[in-house]
Structure formats: structure tokens, C-alpha cells
Amino acid sequence: MLKTILVALDGSEIQERVIQSLEELQLQPTTKVVLAHVVPAVELSQEVVSDRPQAVEGLPYLQVEKQLQSYQAKLSGESVIEIVTGDPAEEIIRLANIYQADLIAIGSRGLTGVKRIIQGSVSSQVVENAPCSVMVVKPAR
């Protein structure tokens with residue numbers, strides 16, 4: 001039985017499929033869901049306000065928080081929201097360790113070839129280093 005699931009959401013179109021996949025798992029009411037969003041760290045040369053995570057791909061912090069709250073409202077069991085700043089793969093793994101997650105649900109943008117090499121794959125890094133099982137949700141074909 002899954003006690004805790006960490007759901008890594010990034011503001012992309014794939015996050016809707018991740019949420020749908022979570023619903024398909026038919027979770028028990030006792031399963032805790034951690035809705036997490038990692039804001040990538042900005043370059044040190046940029047001036048930023050340090051008391052709150054910065055915008056990610058054009059989405060301001062409050063919009064990200066509002067989106068996560070709308071997903072949270074649809075969940076029947078206990079849930080929490082985590083919005084953190086840092087390297088996405090490292091932060092997802094750190095949160096999975098903190099919450100002792102039994103499963104991480106994450107989307108994959110489906111990058112291949114050179115794009116995957118240049119941009120990297122957060123989902124691949126998480127699968128490789130996660131302390132628990134990882135469910136990777138791929139885009140619709």
C-alpha cells in the first residue's frame with residue numbers, strides 16, 4: 001500500500017497527464033500526496049528577491065501556488081504543497097527522502113536526441129537516484 005506519493009509538477013502541459021495518472025491509481029484515503037513544484041535556481045548574476053521562489057517559465061509564484069491548490073482541492077486524502085527552489089532532480093529526490101515517499105510521479109517531456117543531451121532529463125535523473133519507485137508519465141502520442 002502506498003502511504004506517501006510525491007507528485008512532481010513543472011507547469012508544463014504534461015502535468016495534467018500526471019494528475020490524471022494519479023487519479024487512475026485509485027488511492028486510499030490514508031495515502032498522503034505531496035504536490036511539489038521546483039523552481040529552477042536562477043543565475044547568480046540576476047537580481048532577485050530572495051524571500052520567495054522566482055517565476056518559472058513565465059509563471060509567477062502565486063500562479064504556481066494557485067494551480068497546485070486547485071489540484072489539492074480535488075484530492076480526497078491528506079495532501080501538502082511544496083514549492084522549492086533549486087536543481088529540479090535534486091530537489092525532487094530531497095523531498096522524496098524528507099517525506100519518505102513510496103512513489104514519485106513525474107512527467108517526461110519526451111525529449112530525444114540532441115535536445116535530451118543538451119537540456120537533460122529530470123525524469124531520468126530522478127529514476128536513477130530516487131529512494132523509491134518512480135512512475136514516469138509520458139506525453140500523449
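Rules used in this analysis
Along each chain, residue indices are assigned from 1 in the same order as the chain's sequence is written. Side-chain atom pairs in this predicted model are given and counted only at pLDDT of 80 or more, local residue features only at pLDDT of at least 70, and totals for whole chains, interfaces and linings cover all residues. Water and hydrogen atoms play no part in the side-chain values, which are based on all heavy atoms of the structure. In this text, helices come from DSSP runs of H or I with a minimum length of four residues, and strands from runs of E with a minimum of two, each type numbered from the N-terminal end. Here the term buried applies to any residue with accessible area under 20% of the maximum for its type, exposed to any over 50%, and partly exposed to those in between, with areas from a 1.4 Å probe on protein chains only. In what follows, a contact means two residues having at least one pair of non-hydrogen atoms within 4.5 Å. Take the buried residues of types Ala, Val, Leu, Ile, Met, Phe, Trp, Tyr and Cys, join any two whose side-chain atoms come within 4.5 Å, and each joined set is a nonpolar core.

J.: Break down the side chain of Ser 21 for me, citing the residues and quoting the values.
T.: Secondary-structure assignment places Ser 21 in helix 1 (residues 14–24). A relative accessible area of 15% means that Ser 21 is categorised as buried. Leaving out residues up to four positions away in the same chain, Ser 21 has contacts with Met 135 and Val 137.

J.: I'd love a proper account of the nonpolar core, names of residues and values included.
T.: Grouped together as the largest cluster of nonpolar side chains are 18 residues, with contacts concentrated most on Val 7, Leu 9, Val 18, Ile 19, Leu 35, Leu 68 and Tyr 71. Counting residues per element, the ones that place at least two in this core are strand 1 (4–9), helix 1, strand 2 (32–39), helix 2 (61–74), strand 4 (103–107) and strand 5 (133–137). Ranked by residue count, the leading element in this core is helix 1, at 4 residues. Setting aside anything within four residues of it in sequence, one finds Leu 68 in contact with Leu 9, Leu 35, His 37, Ile 81 and Ile 83. Counting 17 residues, the second-largest nonpolar core is a separate cluster that includes Val 34, Val 38, Val 126 and Ala 130.

J.: Kindly report on helix 3 (residues 88–98), identifying the contributing residues and their values.
T.: Residues of helix 3 that are buried include every one of Ala 89, Glu 91, Ile 92, Ile 93, Leu 95 and Ala 96, and no others. Looking at the buried positions of helix 3, the neighbouring elements they touch are strand 1, strand 2, strand 3 (79–85), strand 4 and helix 5 (122–129). Positive backbone phi, at 50°, marks Gln 100, one or two positions downstream of helix 3.

J.: Which residues make up unusual backbone geometry, and what values do they have?
T.: Even without glycine at this site, Gln 26 takes up a positive phi of about 50°. Judged by its relative accessible area of 66%, Gln 26 falls in the exposed class. One non-glycine residue, Gln 100, lies in positive phi territory at about 50°. Positionally, Gln 100 belongs in the loop between helix 3 and strand 4.

Honestly, that's just the spatial picture; any functional story needs more than this.
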